[in-house]
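Each chain, written out:
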Amino acid sequence: MCAQTSLNENRVLTFSALIASVFALGGLVVGLLVGSLVIVFDGVYSLISLLLTLLSLVASRYIRKPSDAQFPFGRALFEPAVIVIKGSVILLLVAYSLYSAIGALITGGREVDASIATLFGTVNVIGCGLAWWYMAKLSKRHASGLIGAEVKQWQMDTLLSLAVTIGFIVALGVTFTPFAHYAVYADPLMMLAMSFYFLKVPFGMVKTALREIFLMSPSKDICKRVDQSIIDACKESEQDIELTGVTKVGPELWVDVDIYPEDNSDVILVDDIEQTRKTIAKRLSGLPLKLQINVNIAR
């Protein structure tokens, strides 16, 4: 990762942390004042998002350090490791919220000041939506696994706030009907519905990151582009070239290639190896990843 890319990543993550701190404080204060389980969850989620973003900032600074004796292959694996931690923490938070919602339903629901909650929810939706949009825009400009994880966090926060606001609008309307006594179930029911939905996003984050940690094959699109680069390299070389392995690890793409001597000869010019590496690198230059191309002489 180049210095400019890392600097941009740090700026984006710092911006995300500042916004998350505002929503965390607001959600906790309002949630406790009106006694809403989902608003407190929203605030706690924002607080955890803040802590996880700070973790991403530390990891971003650490990842860009050069290889050394302790980490001879670099620190790229720290990125998916951080994403696993972030996804796992969010999963635990959602699981606990699911447990709390079920408990509230069993004990007769929770009475909430729906008017204040609706007002707060509306402000929260607008704020989180703008943050999500801006972070997604920055993610396209500065591609990064850590920034991508931030975008997913803000996506979840925005959808959560939207669901909360809609739920409280419905609950507020119910209070003016003969079914007003059922309004106490609105808060835990919303939390129950959202918990099941939000399990999907952090689960996907953890699954993708674990594939990188275990050095599994990357996405089909990346594999297709790597295969095409090998085909092009074969056309430009007098040697036989074979792809032996490809994996994505954080901000890096690792490509292993075997090159076979022509006519079973043991002589391969250095120029042939460098030409193969350059051809592959040129074909993959459009990917927002740092390339690590290893060309081996096969026997």
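Residue positions are counted from 1 within each chain, in the order its sequence is given. For this predicted model, a pLDDT threshold of at least 70 governs which residues receive local features, and a threshold of 80 or more governs which side-chain atom pairs are given and counted, while totals over whole chains, interfaces and linings are taken from all residues. Side-chain numbers come from the whole structure's heavy atoms, not from hydrogens or water.

Participant: Hey, could you go over the packing of aromatic side chains for me, with residue numbers and the actual values?
Facilitator: Geometry of aromatic contacts follows a simple scheme: Phe, Tyr and Trp rings, the Trp one being its six-membered ring, pair when their centres are within 6.5 Å, and the pair is stacked under 30 degrees between planes, edge-to-face over 60, tilted otherwise. If you walk through the whole model with that rule in mind, you get two aromatic pairs. Ring centres of Trp133 and Tyr134 lie 6.4 Å apart, and the angle between their planes is 40°; this geometry places the pair in the tilted category. In this scheme, a residue with accessible area under 20% of its type's maximum is buried, one over 50% is exposed, and one in between is partly exposed, where area comes from a 1.4 Å probe on protein chains only. By relative accessible area, Tyr134 is classed as partly exposed at 31%.

Participant: Any chance you could break down the side chain of Asp232 for me, citing the residues and the numbers?
Facilitator: The topology assignment puts Asp232 in helix α8 (residues 220-236). By definition in these notes, contact holds between two residues if any of their heavy atoms fall within 4.5 Å. Apart from the residues within four sequence positions on either side, Asp232 is in contact with Thr279 and Arg283. Each helix corresponds to a stretch of at least 4 residues labelled H or I by DSSP, and each strand to a stretch of at least 2 residues labelled E; elements are numbered beginning at the N terminus.

Participant: Could you give me a rundown of the UniProt feature "transmembrane region" (unreviewed entry) in the protein, with the residues and numbers involved?
Facilitator: UniProt positions are given in the numbering used here, feature names are shortened, and annotations may be inferred rather than shown by experiment. Per the UniProt record, the feature "transmembrane region" (unreviewed entry) sits at residues 12-38, 44-63, 83-102, 114-135, 156-176 and 182-199. Summarising residues 44-63: 100% helix, 0% strand, and an end-to-end C-alpha distance of 28 Å. End-to-end, the C-alpha atoms of residues 182-199 are 27 Å apart, and along that stretch the chain is 72% helix and 0% strand.

Participant: Describe the pattern of salt bridges, listing the residues and the values that go with them.
Facilitator: The salt bridge definition used is simple: a Lys or Arg side-chain nitrogen within 4 Å of an Asp or Glu carboxyl oxygen. This model, assessed by the stated rule, comprises four salt bridges. Two residues, Lys248 and Glu212, come together in a salt bridge whose shortest N-O distance is 2.8 Å. Of this pair, Lys248 sits in strand β1 (residues 240-249) while Glu212 sits in helix α7 (residues 200-213), and the two are 36 residues apart along the sequence. Among the residues examined, Lys248 registers a relative accessible area of 18% and is labelled buried. Classification of Glu212 as buried rests on a relative accessible area of 11%. Put simply, Arg283 and Asp232 hold a salt bridge, and the shortest N to O gap is 2.8 Å.

Participant: Got a sec to walk through a nonpolar patch on the surface? Specific residues and values, please.
Facilitator: The patches reported here contain residues having more than 30% relative accessible area and no salt bridge. Joining distances are 9 Å for like charges and 5 Å for nonpolar side chains (Val, Leu, Ile, Met, Phe, Trp, Tyr). Residue-level accessible areas treat just the shown protein chains as cover; the underlying method is Shrake-Rupley with a 1.4 Å probe. A cluster of nonpolar side chains, Leu25, Val29 and Leu33, forms an exposed patch at the surface whose accessible area comes to about 330 Å². As for its position among the elements, Leu25 is in helix α1 (residues 3-34). Assessed through its relative accessible area of 59%, Leu25 is described here as exposed.

Participant: Which residues make up helix α4 (residues 114-141), and what are the values?
Facilitator: For α4, with 28 residues, the first-to-last C-alpha span of 40 Å sits near the 40 Å given by 1.5 Å per residue. Listed in full, the buried residues belonging to α4 are Ala114, Ala117, Thr118, Phe120, Gly121, Asn124, Cys128, Ala131, Met135, Leu138 and Ser139. One fewer than the residue count of a helix, multiplied by 1.5 Å, yields its expected span.

Participant: So what about the packing of helix α3 (residues 78-106) against helix α6 (residues 186-198)? Which residues, and what values?
Facilitator: Axes here refer to lines fitted to C-alpha atoms; in helices the fit is confined to the stretch in contact. Angles between the N-to-C directions go from 0 to 180 degrees. Interaxial distance between α3 and α6 falls to 8 Å at its minimum, and their mutual angle equals 150°. For the element pair α3 / α6, the angle class is roughly antiparallel. The two elements α3 and α6 meet at a crossing, and its hand is left-handed. Residues Val94, Ser97, Leu98, Ala101, Ile102, Ala104 and Leu105 of α3 form the contact with α6, whose participating residues are Pro188, Leu189, Met191, Leu192, Ser195, Phe196 and Phe198. Its residues assigned to classes, the contact of α3 with α6 shows 12 nonpolar, two polar and no charged. Roughly parallel covers angles under 35 degrees, roughly antiparallel covers those over 145, roughly perpendicular covers 65 to 115, and oblique covers all other angles. Should the near helix be turned anticlockwise from the far one by less than a right angle, the crossing is left-handed, and should it be turned clockwise, the crossing is right-handed. Polar here means any residue other than Ala, Val, Leu, Ile, Met, Phe, Trp, Tyr, Cys and Pro, which are nonpolar, and Asp, Glu, Lys and Arg, which are charged; Gly is therefore polar.

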